[in-house]
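So you can see what is in the structure, the chains are spelled out below.
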Amino acid sequence: WPRLAARIAFVSFLLSVLTGLLLPIYTDEIGWRMQLRAGIDGGVDRMLSDICGPNTIAAPPWFMMPFRYLTGWLNTTFADPLYIRIVGTAAAFGWIAQMHMLIGRVAADRRQRDILITLLFGLLGMGVLPVMLSMSRPDQVILLVMTAALLLATIAAKRVSGHPRRAAWFWPMVIAGL
């Protein structure tokens, strides 16, 4: 029965995230994307509030500019609000896949993995979180990066045994690179 319960909880959670596609697009979903326009606006981020004057114009650091050019290109190429919801839902599915992989790495056996999947996705699916996960917000990026760091830490923990000195520097640098 744990396998069946895990499947039911996981599929129910996926379906509830898909219902988030029916949400209207909110202004903050568009607003936070407009703050990442340095690739379009000549290398500076122009914030939404023009009342504040010149202090709302900021030049991002050089290492962030490739991401600003990418987001600028994405914002102009996919300008329809429907893409905002699709990107949010795709990020939610990316996080779900990361959590599924993380559970697979920390579980001792198949039974424990099924129980963890049932608990995690069953509890997360009880409220409005699945619907909120489909909203395109900056929180999603933080959630994806934090979960990726946890996944990398579990990979590093299994690979340290052979080359402890190299792994002691390599995996923390990969995580810091996130």
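This write-up is about the structure you can find in this document.

About the criteria used
- Residues numbered from 1 in each chain as written.
- Predicted model: local features only at pLDDT ≥ 70, side-chain atom pairs only at ≥ 80, totals over all residues.
- Heavy atoms only, no water.
- Helix = DSSP H or I, 4+ residues; strand = E, 2+ residues; numbered from the N terminus.
- Buried < 20%, exposed > 50% of the residue type's maximum accessible area, 1.4 Å probe, protein only.
- Contact = heavy atoms within 4.5 Å.
- Salt bridge = Lys/Arg side-chain N within 4 Å of Asp/Glu carboxyl O.
- Axes fitted to C-alpha atoms, helices over the stretch in contact; angles between N-to-C directions.
- Parallel < 35°, antiparallel > 145°, perpendicular 65-115°, else oblique.
- Left-handed = near helix turned anticlockwise from the far one by under 90°.
- Core = buried A, V, L, I, M, F, W, Y, C linked by side-chain atoms within 4.5 Å.

This part covers the overall build of the protein chain. The number of helices and strands found in the protein chain is 8 helices and 2 strands. Listing every helix and strand of the protein chain by position from the N terminus yields α-α-β-β-α-α-α-α-α-α. Within the protein chain, buried positions represent 30% of all 178 residues. Sequence-distant contacts in the protein chain: of pairs separated by 6 or more residues, those separated by 24 or more amount to 69%.

Take the pattern of salt bridges next. Once the charged atoms of two side chains with opposite charge are near each other, the side chains can pair. Within the structure shown, the criterion is met by 2 salt bridges. Two residues, Arg 3 and Asp 114, come together in a salt bridge whose shortest N-O distance is 3.1 Å. Within this pair, whereas Arg 3 is found in helix H1 (residues 2-18), its partner Asp 114 is found in helix H5 (residues 110-124), the two being separated by 111 residues in sequence. A residue is classified by how much of its surface remains accessible, and Asp 114, at 3% relative accessible area, is buried. One salt bridge connects Asp 114 with Arg 113, and the closest N-O pair in it is separated by 3.9 Å. The exposure class assigned to Arg 113 is partly exposed, which follows from its relative accessible area of 24%. Salt bridges sharing partners connect three or more residues here, namely Arg 3, Arg 113 and Asp 114.

Take the packing of H1 against helix H4 (residues 81-106) next. The geometry of H1 relative to H4 is characterised by a closest axis approach of 10 Å and an angle of 165° between their N-to-C directions. Regarding the angle of H1 to H4, the classification is roughly antiparallel. As for the relative orientation of H1 and H4, their crossing is right-handed in sense. Residues Phe 10, Phe 13, Leu 14, Val 17 and Leu 18 of H1 lie in contact with H4, whose contacting residues are Thr 89, Ala 92, Phe 93, Trp 95, Ile 96 and His 100.

Inside soluble globular proteins, nonpolar side chains tend to come together where they are buried. Ranked by internal contacts, the top residues of the largest apolar core, which has 13 residues, are Phe 13, Trp 95, Ile 96 and Phe 121. Those elements giving two or more residues to this core turn out to be H1, H4 and H5. The dominant element in this core, judged by the number of residues it contributes, is H4, at 6 residues. In contact with Ile 96, other than residues within four places in its own chain, are Phe 10, Phe 13, Leu 14, Val 17 and Phe 121.

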